[in-house]
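Survey of secondary and tertiary structure
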Amino acid sequence: MPAQDYGKPDQFLSLLKAESASGYVSGQALAKKAGISRSAVWKQIRRLRRYGYTIESLHGMGYRLAGETDSPVPWELAKALNTSFVKNIVYRETVDSTQNLAMSIASKPDSHGTIVIAEQQKSGRGRMKRKWLSPKGGLWLSVVLKPSIPTAQVTLLPFVAALAVCEAIREGTKLDAGLKWPNDIMISGKKVAGILLDISAEAEQVNYAVIGIGLNANVDSSAIASRLDAGIMITSIKDELGHETSRLVLARLLLEKLEHYYLELERQGPSGILQKWKQRSDMLGKQVSVTQGSKTIQGIATGLNDDGSLLLKAGDKEISIVSGDIKVRY
Ligand code: BTN
């Protein structure tokens, strides 16, 4: 059996769980069992509390683990996940951007299936070089894939991810989440999550792709309202439900669904994914305006092409839109 390392939070947690199963355990006893100092015990207790565990302490008695976390810490997420593609979970309390960290990992061999997840990001990135405010309470993660799909289909990965996030929210919270082109996840006309794709590809093959997922889970919308630069209203799961939800459950659901739809894309091509995306979108058949820099195009959204571009009927012309910000007139 490998040697225990009680400097690692998950191993210290196991010890605390075992030792406090039938009551309080003193700091001294924990220090002795773990072979670490009293102050190292205190540091671990503080760290586990920061991760969301409830640890009661009683003067003269010691500590007791009184509640589990709902934060997607790697050992809990790995235990809960039923996927085959997640190979490695990199977790940070604070990072500049999970996307940047994931990109630096992506070029290495065996990086396929690496998840980078952070409690908060200092320089989170959104689409179109926008800032993505990422305070504590959100679900901010990036997924490294080395996909065996034709380079032409790589534009569909954000659709796969958006569909997965939408389905995860629906199942995990029962909220009526829907999709807005290209990859926004909406609740009641407000944006609750977004997807960012970074790739390294050549004409014939995709070297790697990093899918960034930003889900406003347990954050107050007011704390991220300045993201409203594309004129889109913002919401969070917490604001829609009126209470917090388990980010661990949401992370599990969205990674499981991501694997499911990704495998569907790999094995069966884009048509099924695009069909499901259309079913979850309420913008088709509606009047929309597309802003591309200083240009705005008006028209009726009629469908999606096989590469995920949006079909727009503008007057008597049918045009394909590859990028832009969309406003839907409901
Ligand atoms: C959008 O503009 O809608 C996309 C937002 C994507 C944000 C996520 S949060 C995790 C990952 N890290 C980043 O810096 N950005 C993405």
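Up top is the structure these notes are about.
Cut-offs used in this document
- Along each chain, residue indices are assigned from 1 in the same order as the chain's sequence is written.
- Only residues with pLDDT of 70 or above have their local features reported here, since the model is predicted, and side-chain atom pairs are shown and tallied only from 80 upward, although totals for entire chains, interfaces and linings are computed over all residues.
- With hydrogens and water stripped out, all remaining heavy atoms of the structure feed into the side-chain values.
- A single heavy atom is enough: if one lies within 4 Å of a molecule or strand, its residue is considered near that molecule or strand.
- Residues adjacent in sequence count toward polar contacts only when both atoms are side-chain atoms; beyond that, a polar contact is any pair of N or O atoms within 3.5 Å, and within protein one must be able to donate a hydrogen and the other to accept it.
- For the accessible areas, the method is Shrake-Rupley and the probe is 1.4 Å, while residue cover comes only from the protein chains on display.
- By definition, any uninterrupted DSSP run of H or I lasting at least four residues is a helix, any uninterrupted run of E lasting at least two residues is a strand, and each is numbered from the N terminus.
- Ten residues, namely Ala, Val, Leu, Ile, Met, Phe, Trp, Tyr, Cys and Pro, are considered nonpolar, four, namely Asp, Glu, Lys and Arg, are considered charged, and the remaining ones, Gly among them, are considered polar.
- Residue types Ala, Val, Leu, Ile, Met, Phe, Trp, Tyr and Cys, when buried and joined through side-chain atoms within 4.5 Å, form a set referred to as a nonpolar core.
- Classification of residues uses two cut-offs on accessible area relative to the type maximum, computed with a 1.4 Å probe and protein chains only: under 20% is buried, over 50% is exposed, and between them is partly exposed.
- By definition, residues are in contact when any of their heavy atoms lie within 4.5 Å.

1. Topic: the site of the ligand
Taken together, the neighbourhood of the ligand is formed by 19 residues, with Ser97, Gln121, Arg125, Arg127 and Lys191 sitting nearest. Within the side chain of serine 97, an N or O atom sits 2.8 Å from an oxygen atom of the ligand. In this structure, an oxygen atom belonging to the ligand sits 2.6 Å away from a side-chain N or O atom of lysine 191. Notes on the ligand: free accessible area 410 Å², of which the protein chains cover 98%. Counting only elements with at least two residues in the shell around the ligand, the list comes to helix H5 (98-106), strand E5 (139-145), strand E8 (190-201) and strand E9 (206-215). The element best represented in the shell around the ligand is E8, accounting for 4 residues. Of the residues in the shell around the ligand, the class split is 5 nonpolar, 10 polar and 4 charged.

2. Comments concerning the nonpolar core
Residues Leu16, Ile169, Ile185 and Leu255 are the most contacted members of the largest nonpolar core, which totals 85 residues. When neighbours within four sequence positions are excluded, isoleucine 169 is seen to be in contact with Lys174, Leu175, Ala177, Ile185, Ile187, Val192, Leu215, Ile237 and Leu250. Core analysis: the second largest hydrophobic core is formed by 8 residues, Val90, Ala102, Val116 and Tyr208 among them.

Function cannot be read off these values alone, since they describe shape.
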